[in-house]
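Observations on the model geometry
Each chain, letter by letter, is given below.
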Amino acid sequence: MSAQGPGQALFAFVRHWSRRTAAVADQGRLVLVGEAVHSLAEHGTETTVNAIAVEIGLDQSGASRLVKAAIEAGYLSMEASRNDGRRREVSLTAAGRSMLDQAHRWQEQVFDQLTAGWSEKRRSEFQAAMGDLIDRSHRMHAPRGG
């Protein structure tokens, strides 16, 4: 690894994993939108296209295209909101939950391969540090009240 700071290393790692063949990238986008819907639902947030766009950092039209593709693939469904009939809510289908389960198994396999030879302590410390980075990132980018 070349001499670089920890921030550069983090973003090099992210870039590395974001570069995939078209087939893997397409599936990755479906997983991304499925993860967003799952996360929003877990946090009790209405799962509108606009909320999904914010969750994954895309504009509304980009998120709408992702949602449409995931609906066509059978991973998501869209229905009138229970809170406001003028709004549409997105949810995971059984196939979408299965797709996420498969993606999570693959992610664990990749992590196991990348950390082969690491002690359990090092693996758990790295996992905790990643969790801390994610939590801090969410707090940094959360809307401020006022």
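The structure this text deals with has already been given above.
Presented here is a report on the structure given in the accompanying data block. (Residues numbered from 1 in each chain as written. Predicted model: local features only at pLDDT ≥ 70, side-chain atom pairs only at ≥ 80, totals over all residues. Heavy atoms only, no water.)

We now examine helix α4 (residues 60-72). If you check α4, its first and last C-alpha atoms are 18 Å apart, about what 13 residues at 1.5 Å a residue would give, namely 18 Å. When α4 is considered as a whole, its buried residues turn out to be G62, A63, L66, V67 and A70. The buried residues of α4 all sit within an arc of 135° when viewed along its axis, so they share a single face. Turned more than 90 degrees away from the buried face of α4, the exposed residues are R65, K68 and E72. Note on α4: the residue one or two positions beyond its end, G74, has a positive phi of about 90°. (Helix = DSSP H or I, 4+ residues; strand = E, 2+ residues; numbered from the N terminus. Expected span 1.5 Å × (residues − 1). Buried < 20%, exposed > 50% of the residue type's maximum accessible area, 1.4 Å probe, protein only. Arc of directions from axis to C-beta.)

A cluster of nonpolar side chains, L10, F11, V14 and L133, forms an exposed patch at the surface whose accessible area comes to about 390 Å². It is helix α1 (residues 6-18) that provides the largest number of residues to the nonpolar patch, a total of 3 residues. Turning to its location among the elements, V14 is positioned in helix α1. Take V14: its relative accessible area is 44%, and that puts it in the partly exposed class. (Patch = residues over 30% accessible without salt bridge, like charges linked within 9 Å, V, L, I, M, F, W, Y side chains within 5 Å. Areas by Shrake-Rupley, 256 points an atom, 1.4 Å probe, with all protein chains shown as cover. Salt bridge = Lys/Arg side-chain N within 4 Å of Asp/Glu carboxyl O.)

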